[in-house]
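The primary structure of each chain is shown beneath.
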Amino acid sequence: MSRPARGAPRTPRACERCLRRSWLLAELSGPLDYWAPDRSRLIELLRLEDEELLQAAAGRRTTELRARYQRFDVGELHRGANVEAVCSHDRLYPRALRDAAAPRMLYVTGGAERLARLTAAPVVAIVGSRRASDYGIEMARSIGRGLAASGVTVTSGLADGIPVAAHTGALEAQGETLAVMSGGLGVSCPARRRSLYERIKHGGCAIAELPCDCRGRRWGQAASERILAQLARLIIVVEAGDGPGQLALARIAQALGRP
């Protein structure tokens, strides 16, 4: 079998249609933010095809965005260094994300091959309060450590509290974790989490639905919760309050039939 010459570009794993979808979501961040408190409505909007989404969310910008959509050039998207784009038309795209409500493509650190391997293993999401007690932090850390030691892929966001504890525990067991970011990979990680983020990227993956320079705002957090719920076979909630935000992922999981 012939091999590409050294330094030759790799075959793109994201098609222009799916890259265009990513651009469109970034352009519609303002209107989508309006729907962030109503997660069920937001997820229904994200199910729509591009033209339907434009009609439903673009408002006064519909004509302008439709014209720019038709002139779209993939060079407009900022991907960032060491970030690979992979879409649902590629064999390496996670099987769990191939329904209408799932993102059409992802930006990945660590590579699509590694993402495919991590998501082929059993995946468990550990989520919960950003203001967890010391007991809650240690519980999430212990669960993450035990799951990773058993060959399970631990996934969560990168927010303070329980998500960070879950990643830390899994890494202590030499496990590979999967961080689902609420915005682009270039802007979503707070400075205080940079060291942990680098450790996750070194052996695992970080993924995002939005281009690297796009901040997800409130709707990005809600959208990332649906990715977590779809990827995971099991969702563990540690010390969440009874507010709609902290229990949103659990409710999405229940709607998807996840335990």
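Everything numeric in this text was worked out from a predicted model, so none of it was measured.

Criteria and cut-off values
Residues numbered from 1 in each chain as written. Predicted model: local features only at pLDDT ≥ 70, side-chain atom pairs only at ≥ 80, totals over all residues. Heavy atoms only, no water. Phe/Tyr/Trp six-rings, centres within 6.5 Å; stacked < 30°, edge-to-face > 60°. Lys NZ or Arg CZ within 6 Å of the ring centre and 35° of its normal. Helix = DSSP H or I, 4+ residues; strand = E, 2+ residues; numbered from the N terminus. Buried < 20%, exposed > 50% of the residue type's maximum accessible area, 1.4 Å probe, protein only. Contact = heavy atoms within 4.5 Å. Salt bridge = Lys/Arg side-chain N within 4 Å of Asp/Glu carboxyl O.

The next thing to look at is the packing of aromatic side chains. Enumeration over the complete set of coordinates arrives at two aromatic pairs. Between Tyr34 and Trp35, the ring centres sit 5.1 Å apart and the planes meet at 85°, which makes this aromatic pair edge-to-face. One cation-aromatic arrangement involves Arg20 over Tyr69; the distance from NZ or CZ to the ring centre is 4.8 Å.

As for its position among the elements, Leu25 is in helix H1 (residues 16-27). Residue Leu25 is classed as buried on the basis of its relative accessible area, which comes to 3%. Put simply, Leu25 and Leu54 are 29 residues apart on the chain and 9.6 Å apart in space, counted from C-alpha to C-alpha. What Leu25 contacts, discounting residues up to four positions off in sequence, is Leu32, Leu46, Leu53, Glu209, Leu210 and Trp219.

According to the stated counting rule, one finds 24 salt bridges in the structure shown. The partner of Glu113 in a salt bridge is Arg13, and the shortest N-O contact between them spans 3.9 Å. Of this pair, Glu113 sits in helix H6 (residues 112-120) while Arg13 sits in the segment before H1; the two residues are 100 residues apart in sequence, bridging distant segments of the chain. In this structure, Asp160 engages Arg193 in a salt bridge whose closest nitrogen and oxygen atoms are separated by 2.9 Å. Of the two residues, Asp160 sits in the loop between strand S4 (153-156) and helix H8 (162-172) while Arg193 sits in the loop between strand S5 (177-180) and helix H9 (194-203), which places them 33 residues apart along the sequence. With relative accessibility at 23%, the residue Asp160 sits in the partly exposed group. The network of salt bridges with shared partners includes Arg13, Glu84, Asp90, Arg91 and Glu113.

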